[in-house]
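Overview (structure and organization)
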Amino acid sequence: MIVLGLDAAGAGCGVAVRRDGHVLAARTEAMAQGHAVRLMPLVLEVLAEAGVAPGDIDLFGVTTGPGSFTGLRVGLAAVGGLALGAGRKIVGIPSFDAVLADLGAVGAGTILVALDGRRAEPFARLFDAAGAPLGEPLCLPAADLVALIPSGPLTIAGDGVHLLLPALAGRADVRHAGQSAIDPATVARLAEERADEAREGPPPPIYVRPPDAVPLAERAPKP
């Protein structure tokens, strides 16, 4: 099976192609903006490096957030177009799951995955040591979020952990694990593992807060 994994929900674009469990090509480029311009050329470059045509892809995986509103929508739209053209289905991978999948075994305590939402408050979710969620995704100031963490060992991961470090300064049982950026090859692997969840058309995005931009039609009229 050939699987394309894509992430554009964070601060960059990532694309990877896997075939029969092996990564053929993968690339991640950090960027604060410009996802809409760079993403599709990056997809074509990675496909060319892998020696795979868009029509050869059997399954698509894409991160569904939370994350950058614009990047998230760009990623979902890109995968939607590619899957439609290839006549294939898509598996949505929550960004928290993609981070968790690269942590490996966590002996005990709590896991906190924090994603940079380009504000002072990160997107975050708590998990137990086995990876089971402890509540819903949150978007809170760091001090309020840290106050919700159970006592005991804490493993933190994700590209938003830097937003939490000042509030965690007094804890001695904190371990920083995993890589900061989501690995698109992990997105592809999770999509293959969850192929029974594949659907036609883009999966629904995960929002934890409303978008910063407000359509003109929804803005209150000036007095």
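Residues numbered from 1 in each chain as written. Predicted model: local features only at pLDDT ≥ 70, side-chain atom pairs only at ≥ 80, totals over all residues. Heavy atoms only, no water.

1. Description of the layout of surface pockets
- Its volume calculated, the second largest pocket comes out at about 200 Å³.
- As for the second largest pocket, its lining consists of 17 residues, of which Gly10, Ala11, Asp159, Ala181 and Ile182 are closest to the centre.
- Secondary-structure elements contributing two or more residues to the lining of the second largest pocket are β2 (12–19) and β3 (22–30).
- No other element matches β2, which puts 3 residues into the lining of the second largest pocket. (1 Å grid on protein atoms, 1.4 Å probe; cavity = no way out; pocket = protein on both sides within 12 Å on 5 of 7 lines; lining within 4 Å. Points joined across faces, edges and corners; volume = space filled by probe spheres on them. Helix = DSSP H or I, 4+ residues; strand = E, 2+ residues; numbered from the N terminus.)

2. Here we look at the sheet that holds strand β1 (residues 2–7)
- The sheet built from 5 strands is open, its strands ordered β3-β2-β1-β4-β5 with mixed pairing. Each having just a single partner strand, β3 and β5 (89–93) make up the two edges of the open sheet. The sheet shows a mean angle of 15° between the axes of neighbouring strands, direction not considered.
- When β1 meets strand β4 (residues 59–63), the two strands line up parallel, connected through 4 bridges. In the strand pairing of β4, Gly5 is matched with Gly61. (Pairing = 2+ DSSP bridges. Axes fitted to C-alpha atoms, helices over the stretch in contact; angles between N-to-C directions.)

3. Section: the sheet that holds strand β9 (residues 154–157)
- Reading across the sheet, the 5 strands line up as β8-β7-β6-β9-β10 and stay open at both edges, with mixed pairing between neighbours. With one partner strand each, in any of the chains shown, β8 (138–139) and β10 (174–176) form the two edges of the open sheet.

4. Comments concerning empty space enclosed by the protein
- Applying the stated rule across the entire model yields 1 cavity of 30 Å³ or more.
- Approximately 40 Å³ is the volume attributed to the largest cavity.
- Taken together, Ala98, Val99, Asp102, Gly178, Gln179, Ala181, Ile182 and Asp183 form the lining of the largest cavity.
- For the lining of the largest cavity, the per-class residue count stands at 4 nonpolar, 2 polar and 2 charged. (Nonpolar A, V, L, I, M, F, W, Y, C, P; charged D, E, K, R; others polar.)

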